[in-house]
Amino acid sequence: MKFKNKGRKIYKTKEKNYYGKSPAAKVMSGALTVLLFGGICFLGYSAAEPIINYTKHKGDVPVDEPTTVTEPLTTVENSVTSPTTKITEAPTEPVTESYYMAASLSESALVNMDALKSAISGVPKNEEITYIQVPLKVSGGGVYYASSVYEAQNSIKSVLTLPEIIQEVENSGYHAVAVLSTFRDNSMPATFYDGGYVFASNGSLWYDGQGRPWSSPYSQRAVDYNSALVTEIINAGFESIICSDFVFPDFTEYDLQILDPVLGKTDRCISLTSAANLLYDNAVSNGASMRLEISAEDILCGRKDVLQPMLLSSNNIVLNIEINKLVNGISSGENVYEFKGTPTEMIEQCLVLVNGDIVDFKTTIRISGASLPQKEITSIKKVLSEYGYKSVVIG
């Protein structure tokens, strides 16, 4: 049924004949009209304020009018503000490159300056690589620069200083990116027992099946140690850092019985995400950016507690796919993953398996664990592009 729009009605009243009034009567009539109108306005205002105050809920605050935003919007994740908090400053996190092409060096490249120069000279020249990743603390705990952090002293494997490393990378035409392993550290807790996992009964240090202690995210010393390294690295001039190995050891059922009961709980991920957020905040507050790296093997083996997009401050991650691990197959204890074909085909098979775990992140793909010919690298980059991954690390 259609309703006809009749427009606004104009109501007319019959005019009264005021021509017979004297000039004094007209003045008196006008004055009374003004007084009457003013009285109505005063009474309305006086009554409105108590009514509004009565109906307004406790804690209500005025709503500001929206303003026009002319710059691209930045999403701030996992930040909680009270209803009365007003954000007046833009986030201080450095802008992350949307296109990131890098080559990653091995720890052997940081033994001395000659090794570093040789490794940089071997970086492919026709891959649009603009960043060089240098492993300053590696899985196992080795520190490959002359650190001044107290807990690092028994783990140092290189005489190179951070300024020397940065200068050599930049002199070669690249930007230096630091890579730091966090909790897959068997070196620091061997010296500082309170940095590792300990038995619930007597506080003695726990060792895994291969006789190695592990750094624990529940240890304040371990968290502070990694944070101190991040501070030292960024203060030396690194503008970007990648932190890896936010993992727990593969505890056996017996281990879970004799260690802290929290290690067997599903919410143990909070210790890893909290540590990751602490390092992230440390990096950002010092003017640098931070990515979190996780390996495809760790995801397939269930060591993916840290991948909690609702808990992490940043959603930028690096997925490390190690070719040699794919060639040999990956066993999680319950499942065995076998990969067939060329490196490109194996990488594609791996992406299909882990995609569900990284879909909520902005992901850079790192291809490591094998020296690949130029033709294969080009093929891999093409497949990654088809899956939507533009940022790639080689090595």
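Residues numbered from 1 in each chain as written. Predicted model: local features only at pLDDT ≥ 70, side-chain atom pairs only at ≥ 80, totals over all residues. Heavy atoms only, no water.

Peer 1: Describe in detail the sheet that holds strand S6 (residues 316–322), supporting the description with residues and values.
Peer 2: If you walk around this closed barrel you meet the 8 strands as S1-S2-S3-S4-S5-S6-S9-S10, and the pairing is parallel. Adjacent strand axes in the sheet meet at a mean angle of 30 degrees when their direction is disregarded. Here S6 runs beside strand S9 (residues 362–368); their pairing, made up of 7 bridges, is parallel. Following the sheet pairing, leucine 319 is matched in S9 by isoleucine 365. Its contacts with the sheet place helix H7 (residues 269–285) against strand S4 (240–244) and strand S5 (289–295), and it is angled at close to 150 degrees to S5. (Pairing = 2+ DSSP bridges. Helix = DSSP H or I, 4+ residues; strand = E, 2+ residues; numbered from the N terminus. Axes fitted to C-alpha atoms, helices over the stretch in contact; angles between N-to-C directions. Contact = heavy atoms within 4.5 Å.)

Peer 1: Explain the pairing of strand S1 (residues 101–104) to me, and be specific about the residues and the numbers.
Peer 2: Where burial is concerned, the two faces of S1 agree: the one with Met101 and Ala103 and the one with Ala102 and Ser104 are both buried. Two strands pair when backbone bridges link them, and S1 and strand S10 (residues 392–394) are joined in this way by 3 bridges, in the parallel orientation. Of the residues in S10, the one forming a bridge with alanine 103 is isoleucine 394. In this view, the connection linking S1 to its parallel neighbour strand S2 (residues 131–137) by way of helix H2 (residues 113–121) has right-handed handedness. (Buried < 20%, exposed > 50% of the residue type's maximum accessible area, 1.4 Å probe, protein only. Right-handed = clockwise from strand over helix to strand, strands pointing away.)

Peer 1: Outline empty space enclosed by the protein, supporting the account with residue identities and numerical values.
Peer 2: If you walk through the whole model with that rule in mind, you get 2 cavities of 30 Å³ or more. Of the volumes computed, that of the largest cavity is approximately 80 Å³. What lines the largest cavity is Ala276, Asn277, Tyr280, Met290, Arg291, Leu292, Leu312, Ser313, Ser314, Asn316 and Ile317. Of all the secondary-structure elements, those providing two or more residues to the lining of the largest cavity are H7, S5 and S6. Tallied by class, residues from the lining of the largest cavity come to 6 nonpolar, 4 polar and 1 charged. (1 Å grid on protein atoms, 1.4 Å probe; cavity = no way out; pocket = protein on both sides within 12 Å on 5 of 7 lines; lining within 4 Å. Points joined across faces, edges and corners; volume = space filled by probe spheres on them. Nonpolar A, V, L, I, M, F, W, Y, C, P; charged D, E, K, R; others polar.)

Peer 1: Account for the side chain of serine 158, with residues named and values stated.
Peer 2: Examined against the element boundaries, serine 158 turns out to sit in the loop between S2 and helix H3 (162–171). Residue classification places serine 158 among the buried positions, given a relative accessible area of 5%. Among the polar contacts listed, one links the side chain of serine 158 to the backbone oxygen of leucine 110, at a separation of 2.5 Å. Only 3.1 Å separates the side chain of serine 158 from the backbone nitrogen of leucine 160, close enough to count as a polar contact. Discounting chain neighbours no more than four positions away, the residues touching serine 158 are Leu110, Val111, Val143, Tyr144, Tyr145 and Ala146. (Polar contact = N/O pair within 3.5 Å; in protein donor to acceptor, adjacent residues only side chain to side chain.)

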